[in-house]
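# Tertiary structure, described
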Amino acid sequence: MASTTPSGIHPAAFAYDRGKGEIFVTNYGSSNVSVINATTSQTVANISVGSYPWSIAYDARQGELFVTNFNSANVSVINDSTNSVVANFSVGSPALGVVYDSGAGEAFVTNYDSNNVTVINASTLVRVATIPVGDYPWGLTYDNDSQQVFVANYASNNVSVINGTTNTVVSTVAVGSYPDALTYDSVQKEILIANYGSNSVSLVSGATNTFVGSVAVGITPSDLTYDSSGGDIYVSNFDGGTLSILSFVPAPSSAVTFTESGLPSGTSWSITLNGTTQSSATTMLNFTEAPGVYSYSVGPVAGYASTPVSGTVELFAEEVRVNVSFDAPNSPPPPTTYGVSLQEVGLPSDTTWSANLNGATSTSGANTILFSEPNGSYSLLVPSVGSFSANFSSPLVVDGASLVVGITFSNGSYPVNFSESGLPSGSLWTVTATDRADQATVSSRSTGPSITLWLSDGTYSLSASGPGGYRLTLSDASLTIHGAGEYGIAATFSAETPGAAAALFLPWLTTGVLVITLLVGLVGAGWGYRQYQLRRWRSEAQRWVEELNRDGSEIRVPPPR
């Protein structure tokens, strides 16, 4: 042992500041952080933080360290230039693990009792997300290759995988019992998890987020770290009082990594290599194959074209990397069919109408009927609706774009409203319109206060009638219809008084008597003339008989033979 440097009470974790050549140590029992010069092994500062500082992570970009204070439920931010706390950031309770995501520039903090992870923007020191994970999240580590954060959930016996770009959980991987600490092997591209309860270390693939296997170690492993220079994993066994060293024999390089660019964050894409398909919502896909030559293809992504679409890779002594770029086409390919929208005007609301385009009929109670047709010329037929006839263009030509066609309905007849006044409620009355051109009549009856006649263009004589005892007056006795307009006629009934009825009756009575007298006189005169003729005929007949008798006496009788 070269030297021993005193720090605070119960040192728990440390981080190395390569830029300043200093080591920062959290002292759980004395609630401070010791700063030790890595060259002289001398303590240069003791920085007071929150209660029971547990974990620490270094942000080389900002020159800051993030310290989780277990009992204070917050994070202290230390500036490595001034060795002073510049901010205290409240998180969940209790704050336990912390890791820095250099890709996103964010710090991830596990909140043990809150079962979530707080994400802090390292530049602005603003909370950007709170991510639910498993039960009692403990340690966590960052995979720089896949840009993912792996969280050990102590009571769930699994690991949550967080996408560092979208800050969402993209996978959950079952591991050993009571996982508490993690580290990342950048050579094997695997996450190693110390399982406190099962005395083992689990391996999870950083490329596929799948369980690879387990390695037995000492009793209750509680922490582990990766030596990038030698490729070894060091595991501290808490109750065993031992240190386990895991060494991996390098296998022949037979890996191929596909890296995507151009897709929106979180978009799923896929690669098929040697008959095996993998998909991912991150920017990387990793395959492992025996040395050889293999073909690959890029799966389609809606709205995007990939470069390349397919190809081959040669796997021998080194890892092969393939970049795949996705580009949105300048314009989508033209559809094979286009919308033909028929839009009706002129019909009363909610009236059902229909249209036949190219032999296909569609009916609607709305003012729009839709068809879909490829390029071409199509005949259109729109039947009349009652007294409404349609005006439209036909044929229709579809030429590479959607088409809107107006259908105008017009009524051949127009309403004429007759309004009655003066009659008792429920009285029956009638109106009639006679076309002066052809003497055709249109009539209607009603016991209500109004009657509507539908009349086409022309000139009409108007008449009306009602119950006896009422005199009728129309506001107009004739009407000319010329297109749509407002046509209204007032029919006013007034009751006739008894005196007016008697006065009106006398002239008619006098006239009746005269007519009857004239008829009797004419009949009498005719009868007398007939008697005169009979007497004359009788006298002439008597005279003819006498003459015949006289002439007969003078006839000579022929002599006998």
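Note that the structure is a prediction, hence the values are computed from the model and not measured.

### Some words on the side chain of Ser-364
With respect to the secondary-structure elements, Ser-364 resides in strand 34 (residues 360-364). Overall, the relative accessible area of 14% leaves Ser-364 in the buried class. A polar contact is formed between the side chain of Ser-364 and the backbone nitrogen of Ala-366, at a distance of 2.9 Å. Ignoring any residue separated from it by four or fewer positions in sequence, one finds Ser-364 in contact with Thr-351, Thr-352, Trp-353 and Ile-369.

### Let's talk about the environment of Ala-302
Here Ala-302 is to be found in the loop between strand 28 (292-298) and strand 29 (305-307). With relative accessibility at 76%, the residue Ala-302 sits in the exposed group. Remark: the alpha-carbon pair of Ala-302 and Ala-328, spanning 26 residues in sequence, is separated by 9.2 Å.

### Focus: the packing of aromatic side chains
Following the criterion strictly, the structure yields 14 aromatic pairs and no others. Taking 6.5 Å as the distance between ring centres and 50 degrees as the angle between the ring planes, the aromatic pair formed by Tyr-196 and Phe-238 counts as tilted. You can see Tyr-196 sitting in the loop between strand 18 (190-195) and strand 19 (200-205) and its partner Phe-238 sitting in the loop between strand 22 (232-237) and strand 23 (242-247), a full 42 residues away along the chain. For the ring pair Phe-258 and Phe-287, a centre distance of 5.8 Å and an interplane angle of 85 degrees mean the geometry is edge-to-face. With Phe-258 in strand 24 (residues 255-261) and Phe-287 in strand 27 (residues 284-288), this pair connects stretches of sequence that are 29 residues apart. Residue Phe-258 shares its accessibility class with Phe-287, and that shared class is buried. Through a chain of ring-to-ring contacts, three or more aromatic side chains come together here, namely Tyr-28, Tyr-52, Trp-54, Phe-70, Tyr-112, Tyr-136, Trp-138, Tyr-154 and Tyr-178.

### As for empty space enclosed by the protein
Over the atoms, a rolling probe the size of a water molecule traces out where space has been left empty. By the definition in use, this model includes one cavity of 30 Å³ or more. The volume enclosed by the largest cavity comes to roughly 50 Å³. Every residue along the wall of the largest cavity is listed here: Asp-143, Asp-145, Ser-146, Tyr-184, Lys-189, Gly-206, Ala-207, Met-284 and Asn-286. Residue composition of the lining of the largest cavity, grouped by class: three nonpolar, three polar and three charged.

### A few points about the environment of Ser-34
When you line up the elements, Ser-34 lands in strand 3 (residues 32-37). Here Ser-34 falls in the buried class, since its relative accessible area comes to 0%. With 11 residues separating them in the primary sequence, Ser-34 and Ile-23 have C-alpha atoms 8.0 Å apart. Within the local environment of Ser-34, its side chain forms a polar contact with the side chain of Asn-27, the two groups lying 2.9 Å apart.

### Some details on the pattern of salt bridges
With the rule as written, the count across this model stands at two salt bridges. Salt-bridge contacts for Lys-189 lead to Asp-145; the nearest nitrogen and oxygen are separated by 3.2 Å. Residue Lys-189 is found in the loop between strand 17 (179-185) and strand 18, and its partner Asp-145 is found in the loop between strand 13 (137-143) and strand 14 (148-153); the two are separated by 44 residues along the sequence. Residue class for Lys-189 comes out buried when judged on its relative accessible area of 19%. Judged by its relative accessible area of 23%, Asp-145 falls in the partly exposed class.

### Comments concerning the sheet that holds strand 20 (residues 211-216)
With antiparallel pairing, four strands are arranged side by side in an open sheet as 17-18-19-20. The sheet is open, and its two borders are formed by strand 17 and strand 20, each paired with just one other strand. The sheet shows a mean angle of 25 degrees between the axes of neighbouring strands, taken without regard to direction. Note: strand 19 against strand 20, five bridges, orientation antiparallel. Counted as the bridge partner of Val-204 is Phe-211 from strand 20.

Definitions and cut-offs
- Residues numbered from 1 in each chain as written.
- Predicted model: local features only at pLDDT ≥ 70, side-chain atom pairs only at ≥ 80, totals over all residues.
- Heavy atoms only, no water.
- Helix = DSSP H or I, 4+ residues; strand = E, 2+ residues; numbered from the N terminus.
- Buried < 20%, exposed > 50% of the residue type's maximum accessible area, 1.4 Å probe, protein only.
- Polar contact = N/O pair within 3.5 Å; in protein donor to acceptor, adjacent residues only side chain to side chain.
- Contact = heavy atoms within 4.5 Å.
- Phe/Tyr/Trp six-rings, centres within 6.5 Å; stacked < 30°, edge-to-face > 60°.
- 1 Å grid on protein atoms, 1.4 Å probe; cavity = no way out; pocket = protein on both sides within 12 Å on 5 of 7 lines; lining within 4 Å.
- Points joined across faces, edges and corners; volume = space filled by probe spheres on them.
- Nonpolar A, V, L, I, M, F, W, Y, C, P; charged D, E, K, R; others polar.
- Salt bridge = Lys/Arg side-chain N within 4 Å of Asp/Glu carboxyl O.
- Pairing = 2+ DSSP bridges.
- Axes fitted to C-alpha atoms, helices over the stretch in contact; angles between N-to-C directions.

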